[in-house]
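Per-entry structural report
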Amino acid sequence: MAESGGDKMEMMNEQAVAGKWNFMRSELNQLYSKINELEQELNEHQLVINAIQPLDPGRKCFRMIGGVLVERTVGEVLPAVNRNKEGLQEVITRLTEALEKKTKEFAAFEAKYKIKVRGKGDDVVPEKTAKESAAQGVLV
């Protein structure tokens, strides 16, 4: 009876490790997706800058602010878009640093508990060549 209690405690420990591993993996995925989202937004800002930079600063321009379309001039909008772009770059840099830190923590956690994920490509079975597979199972 004492052994079954020890097995249960060990099983809970395995479950806790698996739960923490899943949580850490989901955090990494969230960071990856957020960085990708912000990089897309950064690219959109760069497209806008490239499109309006050669235009006359007094030319009429429309900008979406908080879901409201506002009429401005190119001279007013261009600096604001540049500031937003710089802010996005800073956020992406911070998130990338956080991602690197989390990735190291995740790798250390996997190493500590000797976690190996199947299907990662580490243990790929070589496929048979066409000659070997053609010779096998052919009836004449």
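Residues numbered from 1 in each chain as written. Predicted model: local features only at pLDDT ≥ 70, side-chain atom pairs only at ≥ 80, totals over all residues. Heavy atoms only, no water.

**A word on the overall build of the protein**
The helix and strand inventory of the protein stands at three helices and two strands. For the protein, the N- to C-terminal ordering of α and β elements is α-β-β-α-α. Taken over 140 residues, the protein has a buried fraction of 19%. In the protein, 63% of the contacts between residues at least 6 apart in sequence involve partners at least 24 apart. A total accessible area of about 11400 Å² is found for the protein, and carbon and sulfur atoms account for 55% of it. (Helix = DSSP H or I, 4+ residues; strand = E, 2+ residues; numbered from the N terminus. Buried < 20%, exposed > 50% of the residue type's maximum accessible area, 1.4 Å probe, protein only. Contact = heavy atoms within 4.5 Å. Areas by Shrake-Rupley, 256 points an atom, 1.4 Å probe, with all protein chains shown as cover.)

**Observations concerning the UniProt feature "coiled-coil region" (unreviewed entry) in the protein**
Look at the UniProt record and you will see "coiled-coil region" (unreviewed entry) annotated at residues 21-48 and 85-112. A distance of 40 Å separates the end C-alpha atoms of residues 85-112, which is 100% helix and 0% strand. (UniProt positions renumbered as here; feature names shortened; annotations may be inferred.)

**Comments concerning helix α2 (residues 74-112)**
Spanning 39 residues, α2 covers 56 Å between terminal C-alpha atoms, matching the ideal 57 Å at 1.5 Å per step. A positive backbone phi angle near 55 degrees is found at Lys114, which sits one or two residues after α2. (Expected span 1.5 Å × (residues − 1).)

**Concerning the layout of surface pockets**
A volume near 220 Å³ is recorded for the largest pocket. Around the largest pocket, the lining residues are Glu44, His45, Val48, Ile52, Cys61, Phe62, Arg63, Met64, Val77, Val81 and Asn84. Taken together, the residues that form the lining of the largest pocket break down as seven nonpolar, two polar and two charged. (1 Å grid on protein atoms, 1.4 Å probe; cavity = no way out; pocket = protein on both sides within 12 Å on 5 of 7 lines; lining within 4 Å. Points joined across faces, edges and corners; volume = space filled by probe spheres on them. Nonpolar A, V, L, I, M, F, W, Y, C, P; charged D, E, K, R; others polar.)

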